[in-house]
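Structural overview
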Amino acid sequence: MSIYDLIFYLFATLTIVSALMVVSSDNIVRSAFYLLATFFGVSGIYVLLGADFVAVTQIMVYIGGILILLLFGVMLTSNITNVEIKKGTAKILPAVIGIGVLLGALVSVMTRTKWKLQLTEIPQTTSFELGKLLITDYVLIFELLGILLLIALIGAASMARREQE
Amino acid sequence: MIEVGLTHFLVVSSFLFAFGLYAILTRKNAILVLMGVELVLNAANINFVAFSRYGNLGLNGQLMALFVIVLAAAEAAIALAIVLNIYKTFGHVNVDEIDNLKE
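These numbers come from a predicted model, not from an experiment. (Residues numbered from 1 in each chain as written. Chains lettered and ligands numbered in written order. Predicted model: local features only at pLDDT ≥ 70, side-chain atom pairs only at ≥ 80, totals over all residues.)

Focus on the overall build of chain B
What chain B contains, in helices and strands, is 3 helices and 0 strands. Listing every helix and strand of chain B by position from the N terminus yields α-α-α. Per-residue burial for chain B yields a buried fraction of 56% across its 103 residues. Taking contacts inside chain B between residues at least 6 apart in sequence as the whole, the part at least 24 apart equals 44%. (Helix = DSSP H or I, 4+ residues; strand = E, 2+ residues; numbered from the N terminus. Buried ≥ 20, exposed ≤ 12 C-beta atoms within 10 Å, placed from the backbone. Contact = placed C-beta atoms within 7 Å.)

Next comes the structure, spelled out in C-alpha cells:
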C-alpha cells in the first residue's frame, strides 16, 4: 500500500466518520464543529485528486465563510444555555431504511460500473489554467456568478433587517 | 487492499450524499437541514473533481466544483436570512411546526 493510499484512507475515514457525527450528534453546536472536520477531509480529498486551488477555496469559503455563517445561525436562533435544543426524531426508522437502500444502490452502481478510465494530465499548479479557463471559455458564467453573489448579498441583508422598521 | 482509484472517491461521495439526505429528511432544526444540504453539495463536488481527474476532461470538472462552491455560499447566506426571519416570527426554527409564511 503506497503512501497515497494511506493518506486517502485517512481523509476518507475522517470525512465519513465526521459526517456521520454531524447527522447523529444530539448537540447542534457539536454538529457544526464536526462539519468543520468533514469540510477539512473533503479538501484533503481534493488535494489527492490534484485540485489544489479547489481545495484551498474549499477551506476559505466553506470553513471560513459558510461554517461561520451556520454557527451564527445556530447562536442567533437557539438559546445556548437552554439545553432543550430540539434535535428532532421525525420518523427515524423509515428514513434509515430508505437511506440504507439508497446508499447500497449507489455504492453497488459506483463499484460495478466499468468506468472508462483515462488519467488526465493535471498540471502541478492548477490556478494558472483555471484562471485562463475562467476568462475564456467560462467568462459568461463567471460574470453571471458575480452578479448572482451581489444579488444574494443584497437580498440576504434586506431580508434579515426587514423587522426593524 | 486494492489501489485507490476512481471508485474509492465515488464511494466516499456516496456516503456523504446519503448522510446529507438523512439530515435533510430527519432533522427538525432548520440549521441542521442546511448542514445536510452542504454535505450533499460536497458529495457532488467530490464527483466533479474525481471525474475531472480520471475522465480525461481537463480542468472543466474542477471549474464546476468552484461554481458549486460559489452557489453554496450564496445559498447559505439567503437560507440563513430566511431562518432568522422564521425565528423572529415563530420563536423557533423547527421545520415541522412551521406551516405559515407569516403570522
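Next comes the rest of the account.
Section: the domain arrangement of chain A
Along its sequence, chain A is organised into domain 1 (1-80) and domain 2 (123-165). Each of domain 1 of chain A and domain 2 of chain A was reduced to a C-alpha centroid, and the two centroids are 22 Å apart. (Domains from an automatic or database assignment.)

What to know about the environment of B:Ser13
Residues and elements named next belong to chain B. Of note, serine 13 is situated in helix α1 (residues 6-26). Classification of serine 13 by C-beta neighbours within 10 Å gives buried; the count is 25. Contacts of serine 13, omitting those with residues within four sequence positions, involve Ala43, Ile46 and Asn47.

Quick look at the packing of α1(B) against helix α2 (residues 30-54) of chain B
All names here are of chain B. Viewed as axis vectors pointing N to C, α1 and α2 meet at an angle of 165°, and their least axial separation amounts to 7 Å. Comparing the axis directions of α1 and α2 gives the class roughly antiparallel. For α1 against α2, the interelement crossing comes out left-handed. (Axes fitted to C-alpha atoms, helices over the stretch in contact; angles between N-to-C directions. Parallel < 35°, antiparallel > 145°, perpendicular 65-115°, else oblique. Left-handed = near helix turned anticlockwise from the far one by under 90°.)

Some words on helix α1 (residues 3-24) of chain A
Under the 1.5 Å per step criterion, the end-to-end length of α1(A) is 31 Å for 22 residues, consistent within 8% with the ideal 32 Å. Taken residue by residue, α1(A) has A:Phe8, A:Phe11, A:Ala12, A:Thr15, A:Ser18, A:Ala19, A:Val22 and A:Val23 as its buried positions. Considered in projection along α1(A), the buried side chains sweep an arc of 150° and stay on one side of the axis. What points out from α1(A), more than 90 degrees from its buried face, is the exposed set A:Ile3, A:Leu6 and A:Thr13. In this fold, the buried residues of α1(A) make contact with α2 (28-48) of chain A together with α1 and α2 of chain B. (Expected span 1.5 Å × (residues − 1). Arc of directions from axis to C-beta.)

Examining α2(B)
Residues and elements named next belong to chain B. Between its first and last C-alpha, α2 extends 37 Å over 25 residues, near the 36 Å set by a 1.5 Å rise per residue. With 23 of its 25 residues buried, α2 lies for the most part within the structure. In the segment just after α2, asparagine 56 is the residue with positive phi, at about 55°.

What about the interface of chain B and chain A?
Between chain B and chain A, the residue contacts involve 67 residues of the former and 69 residues of the latter. When residues of the side of chain B that touches chain A are assigned to their parent elements, the largest contribution, 21 residues, is made by helix α3 (residues 60-90) of chain B. Considering only residue class, the side of chain B that touches chain A consists of 46 nonpolar, 14 polar and 7 charged. (Nonpolar A, V, L, I, M, F, W, Y, C, P; charged D, E, K, R; others polar.)

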